[in-house]
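If you want the building blocks of each chain, they are given just below.
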Amino acid sequence: MKTLLLDKQHHDRANFDCGVDALNNYLKMMASQQSGKDNSRTFVLEDAEKTGVIIGYYTLTMTQADLGRLPARLQKKHQSNHSAGLIARLAVDRRYAGKGYGEFLLVDALVKLLQASEVVAFPFVLVDAKAGVARFYEKMGFTPFHDVPDSLFMTMADIRRTLNP
Ligand SMILES: CC(C)(COP(=O)(O)OP(=O)(O)OC[C@H]1O[C@@H](n2cnc3c(N)ncnc32)[C@H](O)[C@@H]1OP(=O)(O)O)[C@@H](O)C(=O)NCCC(=O)NCCS
């Protein structure tokens, strides 16, 4: 399985349905446009047996971590750089849910972010989970911010360890 950059000429965005309108609409109306402006990149996983059908997608961009919300030891260690990769969106079509594709997409996103960080060093990855989905990210090693439990972070050092045990 391999993710590809969203190609609006090829991928069927209209029939994608993850059950969350905001995530469906982003894929349909914004993702390609935002990539064209270099504001974010959206990668999709296509069904190998159904040309153009999107199993799931994720969107990556950069943000800043709020250092004050991080544990003290991380605040000290990273005071000179609080850049963070952001998994801005991640969704799996309902027809494909519960088959491990979400986990595959999350690992794939982390691999890409780790590769990016090896070129332009940034110490964190953040994700804003939809209500009730934080647990999905915690299983992968993300830590919820104590004051906003649906917002989670993982250090690049931990991502590296997780991906290269
Ligand atoms: C959340 C979502 C991406 C999960 O995708 P999926 O393909 O169904 O998940 P997987 O089959 O890869 O599940 C991987 C693990 O996460 C768990 N998991 C899946 N969805 C979960 C959820 N909503 N909350 C907690 N755990 C969840 C699974 O039980 C599984 O655990 P296991 O390995 O112990 O069995 C998908 O349900 C989705 O797109 N939901 C709607 C959009 C959304 O809310 N996206 C998140 C935006 S932040």
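Look a little higher up for the structure.
Residues numbered from 1 in each chain as written. Predicted model: local features only at pLDDT ≥ 70, side-chain atom pairs only at ≥ 80, totals over all residues. Heavy atoms only, no water.

Colleague: Whenever I open this one, the nonpolar core confuses me. Can you help?
Modeller: Ile87, Leu106, Leu110, Val125, Tyr137 and Phe142 are the most contacted members of the largest nonpolar core, which totals 29 residues. Going through the elements one at a time, strand 2 (41-46), strand 3 (54-64), strand 4 (83-92), helix 3 (101-120), strand 5 (124-128), helix 4 (134-138), strand 7 (151-155) and helix 5 (156-163) are the ones with two or more residues in this core. With residues up to four places along the chain from it excluded, the contact list for Phe142 reads Ile87, Leu106, Leu110, Val125, Val127, Tyr137, Leu152, Phe153 and Met154. Within the second largest apolar cluster, 11 residues are counted, among which are Cys18, Leu27, Ala31 and Val44. (Core = buried A, V, L, I, M, F, W, Y, C linked by side-chain atoms within 4.5 Å. Buried < 20%, exposed > 50% of the residue type's maximum accessible area, 1.4 Å probe, protein only. Helix = DSSP H or I, 4+ residues; strand = E, 2+ residues; numbered from the N terminus. Contact = heavy atoms within 4.5 Å.)

Colleague: Whenever I open this one, unusual backbone geometry confuses me. Can you help?
Modeller: With glycine set apart, most residues show a phi of negative sign, and most peptide bonds adopt trans. Even without being glycine, Asp38 reaches a positive phi, approximately 60°. Checked against the element boundaries, Asp38 lands in the loop between helix 1 (21-36) and strand 2. Under the relative-accessibility criterion, Asp38 is labelled exposed at 58%.

Colleague: So what exactly am I meant to see when it comes to the site of the ligand here?
Modeller: In the region of the ligand, 22 residues are neighbours, and Val92, Gly98, Gly100, Gly102 and Lys139 sit closest. Lys99 places a main-chain nitrogen or oxygen 3.3 Å from an oxygen atom of the ligand. Taking Lys139, its side chain carries an N or O atom lying 2.2 Å from an oxygen atom of the ligand. Expressed as a share of its isolated accessible area of 900 Å², the protein-covered part of the ligand is 70%. Among the residues making up the shell around the ligand, the classes are represented as 12 nonpolar, four polar and six charged. (Near = heavy atom within 4 Å. Polar contact = N/O pair within 3.5 Å; in protein donor to acceptor, adjacent residues only side chain to side chain. Areas by Shrake-Rupley, 256 points an atom, 1.4 Å probe, with all protein chains shown as cover. Nonpolar A, V, L, I, M, F, W, Y, C, P; charged D, E, K, R; others polar.)

Colleague: Teacher, can you tell me more about the sheet that holds strand 2 here?
Modeller: Note on sheets: strands pair through backbone hydrogen bonds, and any given pair is parallel or antiparallel. The strand order across the open sheet built from seven strands is 1-2-3-4-5-7-6, with neighbouring strands paired in mixed fashion. On the outer flanks of this sheet lie strand 1 (3-5) and strand 6 (143-144), each paired with one strand and no other. Pairing of strand 1 with strand 2, which is carried by three bridges, proceeds in the antiparallel orientation. Its bridge partner being in strand 2, Leu4 is matched across the sheet by Val44. The sheet strands contacting helix 1 are strand 2, strand 3 and strand 4, and the helix crosses strand 3 at an angle near 55°. Across the sheet, helix 5 is in contact with strand 5 and strand 7; its angle to strand 7 comes to roughly 70°. (Pairing = 2+ DSSP bridges. Axes fitted to C-alpha atoms, helices over the stretch in contact; angles between N-to-C directions.)

Colleague: Even after reading the chapter, I still don't get the pairing of strand 2, so can you show me in this structure?
Modeller: On a regular strand, each side chain points to the face opposite its neighbour's, so the side chains alternate between the two faces of the sheet. Sheet topology note: the strand 2/strand 3 ladder contains six bridges and is antiparallel. Bridging across to strand 3, Val44 finds its partner in Tyr57.

Colleague: I'm lost on the environment of Leu90 in this one. Help?
Modeller: Examined against the element boundaries, Leu90 turns out to sit in strand 4. Taking the C-alpha atoms as reference, Leu90 lies 7.8 Å from Gly102; in sequence the two are 12 residues apart. Not counting chain neighbours up to four residues away, the residues in contact with Leu90 comprise Leu23, Tyr57, Tyr58, Gly102, Leu105, Leu106, Phe136 and Tyr137.

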